[in-house]
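Structural characterization, general
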Amino acid sequence: DTQNDFGASVGGPVRVPWLYNGKDKTFFFFNYEGFRQANGGTSLLSAPTQAMLGGDFSSLLTPTNIGGQIYQAHILYDYTTCTGANQGKTCQAYPNNKITESPDPVFAAASKVMPSSTATSPYFNIPVSSENLEQADQWSIRMDENINARNKITGSYFTGNMPYVSTSSLGPLYTGGNVQGNKYLRLGYDYIITPTMLNHFNAGFTRRHRLETSGEGGFGGDWATKLGLKGVGNAVFPKFTYNYPANGINSPSDGQSVFDDNVFQYDDAVSWQKGRHNFRFGGEFRAAQFNLGILTGSAGQFNFTTGPTSTPADTNSGSGFASFYLGAATNAYIDIPQVNGFRAKYVAFFGADDWKVNSKLSLNLGLRYDLPIPVTEQANRMSYVDPTLANPGAGGIPGAYVFEGSGTGRLGGNSPQSIFQKAFGPRVGLSYAVDPNTVFRAGYGIYFSTQRVGGFAEDDSQGFSSSYTYPNSASPQTPVAVLSKITAYPGKLPPFIDPTVMNGQGNALFIES
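These figures come from a predicted structure and were not determined experimentally. (Residues numbered from 1 in each chain as written. Predicted model: local features only at pLDDT ≥ 70, side-chain atom pairs only at ≥ 80, totals over all residues. Heavy atoms only, no water.)

To continue, consider the overall build of the protein. In terms of regular secondary structure, the protein is built from four helices and 27 strands. Rg of the C-alpha trace for the protein: 32 Å, well past the compact-globule value of 24 Å for 513 residues, more than 25% over. Its C-alpha atoms put the protein at 100 × 70 × 50 Å along the principal axes. Looking at the protein as a whole, 37% of its 513 residues are labelled buried. For the protein, the share of sequence-separated contacts (at least 6 apart) that also reach a separation of at least 24 residues comes to 69%. Only carbon and sulfur atoms are counted for the fraction: they give 56% of the accessible area of the protein, which is about 26900 Å². (Helix = DSSP H or I, 4+ residues; strand = E, 2+ residues; numbered from the N terminus. Rg over C-alpha atoms; globule rule 2.2 N^0.38 Å. Buried < 20%, exposed > 50% of the residue type's maximum accessible area, 1.4 Å probe, protein only. Contact = heavy atoms within 4.5 Å. Areas by Shrake-Rupley, 256 points an atom, 1.4 Å probe, with all protein chains shown as cover.)

Rendered as structure tokens:
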């Protein structure tokens, strides 16, 4: 492992020779920090051979002993001889384990970008090196300008790029990790109204971009179109699982989630020193955006088992990769991704007084009023359980889904929440000096939190995303789907404006009385 942490900072008055001298007026501060940590290793894994890519699986006919581990022989059978119209007949083996028919077109396209070995042995035939790199590059700059004795402005900007990336010699399709970038922009203005009164204004913007991926190279590559796979999305690489033995390599992962969060904030406060009193008055406004895309499974997840190339009479028969060669999936799932843009706003006002009653007693008195504005979704893709609504799919038992937005079966609004208008938060504190060595302190306050989106909002938008799981087939030899024969998404497309949308999903609603 190697780790390095480094950085530098510089600051002072702004001076441009012969043009500008910012002494006592214009100041800057710049800071940079970098971090690198790397580790990795090499493994000997297993991948399909070149012969297998052409349909020749004869290398599986002989048991193989590697380091005392016996890998049994696997005879391949043609599922078309014992399924469909031939259901119940004896499955016929491929002569010499060679599939003479052409590969499934989707397989043929995918196999060109997926790992294979040039060795003749089917097991432990490909060395793979990997490296995990944690990296951070963060820099910030701040500027201060003393306009005159009563006016001052400040500005700062921060950007940070913090990827954690796992690379592989298998190529970019097998690169994964988390990529996060943050940006902060702050502006401030101070105005001295009188020698005892100051107004301070702040404006800020925060942005966070986060990509959580286990197959970064497959993200955004229009792979479904390139492979000729229909009925699925193009955002990620399709997931083909064929359980190749002996530490075998499968297709790249399709795990992908994208988050883009923005926060706009403005606040203003006036401080006034008046005798024994230090008054503060002000207000605050925040607008938050939570944008997400859960893309895992959107290009389809297809599991290829030994079933379609096996026979019931031989438990060692069949090969998952041979089933993949034929495009014959035992299980298949396609997800219509969850894409949401939630919005939340917040307004607050406050007043406070730090009162020096006498040399021993000080009081802190304040009142804050919070006005949390309900969370909305940019396209009104919000739903929730109404515990009083009769569920038509459950015999009229109370508890059914309702949907915000306009249109048939929807409520016409944009949020299930109302504005809570009684969020008054008093604050009281005191400090009393009993003697020079003893001080008694006490405080009391009521606080209100802002509106939040639970989890990743997956429970706040039911009915606006979807998934389809192919039903089980008549026998292990019968595929539930053949890749090249999928012509369209087989399920219904959202939205599902239906009060019974979550019936039978195992969810429970708890109501505290």
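What follows deals with empty space enclosed by the protein. Taken as a whole, this structure holds one cavity of 30 Å³ or more when the rule is applied. The space that makes up the largest cavity amounts to roughly 40 Å³. Lining the largest cavity are P48, L53, S111, M114, P115, S116, F321 and F324. Class assignment for the residues of the lining of the largest cavity results in six nonpolar, two polar and no charged. (1 Å grid on protein atoms, 1.4 Å probe; cavity = no way out; pocket = protein on both sides within 12 Å on 5 of 7 lines; lining within 4 Å. Points joined across faces, edges and corners; volume = space filled by probe spheres on them. Nonpolar A, V, L, I, M, F, W, Y, C, P; charged D, E, K, R; others polar.)

Joining two cysteines, a disulfide is a covalent bond between their sulfur atoms. Scanning the model with the defined rule gives one disulfide in all. Residue C82 pairs covalently with C91 via a disulfide, S to S 2.1 Å. Taking the torsion about the sulfur-sulfur bond, which here is approximately 90°, the covalent link between C82 and C91 counts as right-handed. Residues C82 and C91 agree in their burial class; the two are buried. (Disulfide = S-S within 2.5 Å.)

What follows covers the pattern of salt bridges. Under the defined criterion, the tally for this structure stands at eleven salt bridges. D354 is paired through a salt bridge with R280; the nearest N and O atoms lie 2.7 Å apart. Separated by 74 residues along the polypeptide, D354 in strand β20 (residues 338–356) and R280 in strand β16 (residues 277–294) bring together distant segments of the chain. For R280, a relative accessible area of 29% gives the class partly exposed. Across the salt bridge formed by R381 and E377, the nearest N and O atoms sit 2.8 Å from each other. (Salt bridge = Lys/Arg side-chain N within 4 Å of Asp/Glu carboxyl O.)

A separate point is the nonpolar core. Residues F57, F240, F302 and F324 are the most contacted members of the largest nonpolar core, which totals 47 residues. Only α2 (105–111), β9 (126–146), α3 (223–227), α4 (320–325), β18 (328–329), β19 (331–336) and β27 (481–482) provide two or more residues apiece to this core. It is α4 that provides the largest number of residues to this core, a total of four residues. Sequence-distant contacts of F302, that is, excluding residues within four places in its chain, are made with L229, V232, K239, F240, T241, A329, N331, A332, L483 and I486. Ranked by size, the runner-up nonpolar core spans seven residues in total, among them F290, L292, F342 and M382. (Core = buried A, V, L, I, M, F, W, Y, C linked by side-chain atoms within 4.5 Å.)

Now for the packing of aromatic side chains. Summed over all chains, the structure comprises 32 aromatic pairs. Relative to F424, the ring of Y369 lies with its centre 4.6 Å away and its plane at 35°, an arrangement referred to as tilted. Of the two residues, Y369 sits in strand β21 (residues 361–377) while F424 sits in strand β24 (residues 424–435), which places them 55 residues apart along the sequence. One aromatic cluster in this structure is built from F57, F107, W223, F237, F240, Y242, Y244, F302, F304, F321, F324 and Y325. Stacked on the ring of W223, the Lys or Arg K226 has its end atom at 4.6 Å from the ring centre. Just above the ring of Y447 sits the side chain of R427; from NZ or CZ to the centre is 3.9 Å. (Phe/Tyr/Trp six-rings, centres within 6.5 Å; stacked < 30°, edge-to-face > 60°. Lys NZ or Arg CZ within 6 Å of the ring centre and 35° of its normal.)

Considering the arrangement of structural elements, one finds D335 in strand β19. When the C-alpha positions of D335 and G34 are compared, they lie 39 Å apart, and in sequence the two are 301 residues distant. Beyond its immediate sequence surroundings of up to four residues, D335 is in contact with I294, T296, G297, S298, S466 and S467. For D335, the side chain forms a polar contact with the side chain of Y333, separated by 3.1 Å. (Polar contact = N/O pair within 3.5 Å; in protein donor to acceptor, adjacent residues only side chain to side chain.)

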